[in-house]
Amino acid sequence: MGLLDMIGPVMVGPSSSHTAGACRLALLARHLLGERPRRVEFGLHGSFAKTGKGHGTHLALVAGVLGFTPDDERLKESLSLAEKEGLEVAFKAVELGDVHPNTVRMVLEGEKERITVTGSSLGGGLVRIFDLDGFEVRITGAAPTLVIRNVDTPGVVARVARILADDEVNIAYLTVSRKKRGGEAMMSLEVDRPLPEVPLRYLEHLSYILWVRQIPPVMD
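Source: prediction; values computed, not measured.

S.K.: Can you lay out the packing of aromatic side chains for me, pointing to particular residues and giving the numbers?
M.R.: Overall, the coordinates contain 1 aromatic pair when judged by the stated rule. Judged by centre distance (5.1 Å) and plane angle (20°), the rings of Phe-42 and Phe-91 are stacked. Taken together, the residues Phe-42 in strand S1 (residues 39–45) and Phe-91 in strand S2 (residues 88–93) connect sequence positions 49 residues apart. Judged by its relative accessible area of 0%, Phe-42 is buried.

S.K.: Now, about the pattern of salt bridges: what can you tell me, with residues and values included?
M.R.: Throughout the structure, instances matching the rule amount to 14 salt bridges. Asp-166 is the partner of Arg-162 in a salt bridge, and the nearest nitrogen-oxygen pair spans 3.6 Å. With Arg-162 and Asp-166 both in helix H6 (residues 156–166) and 4 residues apart, the pair spans about one turn of that helix. For Arg-201, the salt bridge is made with Glu-197, and the minimal N-O distance between the two is 2.0 Å. Taken as a pair, Arg-201 and Glu-197 lie in helix H7 (residues 197–204) at a separation of 4 residues, close to a single helical turn. Here Arg-201 falls in the partly exposed class, since its relative accessible area comes to 30%. In this structure, a network of salt bridges that share partners links the residues Asp-133, Arg-149 and Glu-184.

S.K.: Give me the domain arrangement of the protein: which residues, what numbers.
M.R.: Taken domain by domain, the protein holds domain 1 (19–133) and domain 2 (145–215). Between the C-alpha centres of domain 1 and domain 2 there is a distance of 25 Å. Taken together, the contacts link 8 residues of domain 1 with 7 residues of domain 2. Each partner contributes to the roughly 640 Å² buried at the junction of domain 1 and domain 2, and carbon and sulfur atoms together form 61% of this total. On the domain 1 side of the contact with domain 2, Leu-32, Leu-132 and Asp-133 bury the most area, a combined 62% of that side's loss. Here domain 1 and domain 2 share 1 salt bridge between them. Linking Arg-149 and Asp-133 is a salt bridge whose minimum nitrogen-to-oxygen distance equals 2.8 Å. On inspection of domain 1 and its partner domain 2, the count reaches 4 residue pairs in polar contact (both at pLDDT 80 or more).

S.K.: Which residues make up H6, and what values do they have?
M.R.: Listed as buried for H6 are Val-156, Val-160, Ile-163 and Leu-164. One side of H6 carries all its buried residues, which in axial view fall inside an arc of 95°. Seen from the buried face of H6, the exposed residues on the opposite side, beyond 90 degrees, are Ala-158, Arg-162 and Asp-166. As for H6, its buried residues are in contact with strand S7 (145–151), strand S8 (171–178), strand S9 (184–191), H7 and strand S10 (209–215). Phi for Glu-168, located one or two positions after H6, is positive at around 55°.

The rules behind each value
Residues numbered from 1 in each chain as written. Predicted model: local features only at pLDDT ≥ 70, side-chain atom pairs only at ≥ 80, totals over all residues. Heavy atoms only, no water. Phe/Tyr/Trp six-rings, centres within 6.5 Å; stacked < 30°, edge-to-face > 60°. Helix = DSSP H or I, 4+ residues; strand = E, 2+ residues; numbered from the N terminus. Buried < 20%, exposed > 50% of the residue type's maximum accessible area, 1.4 Å probe, protein only. Salt bridge = Lys/Arg side-chain N within 4 Å of Asp/Glu carboxyl O. Domains from an automatic or database assignment. Contact = heavy atoms within 4.5 Å. Buried area = accessible area lost by both parts, 1.4 Å probe. Polar contact = N/O pair within 3.5 Å; in protein donor to acceptor, adjacent residues only side chain to side chain. Arc of directions from axis to C-beta.

Okay, structure coming up:
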């Protein structure tokens, strides 16, 4: 455990779990949407629902969706800034079952895309997104991450891994999830460095790839 794990990140707000972590979860969700959000609904679970308002969780979540980081002074004004930008925001309490008490389910809508992202703030500013549109993923924001939605067909994982290997991009952690055989699947890959633009565009144009998101790190 390092010093940052004990004292938490540089941030605006009283709680690393309820502010820094919440902001990072929402910022990751914005990156996953891949476009400017027009509407977002936050489903707050556990302590996020019970004590989040007093700890600035609502402000931090909206700030993240706006693209702010936890140390951005604009975090305190995020609700009014969202209104000025035409971002519609809604909050509700939800019961998500046996998950971390600091968990939020975010439904983001843009002009073209709509996604549902569920993640937890684990303490000290650490976060983990574990569900994207019903697929199991692992997105911590600690490293560059590729998220790929694809047709579930043999050889896709090997083909993606080969493209990364050809550009000497090493995979640190990989998850693969599908809802049914031959349907859609999702993979999340934490990598040592971002995939360059040319192979990234090549991936996007493969017939069995539905979309690709390259998510930058959000940790300090």
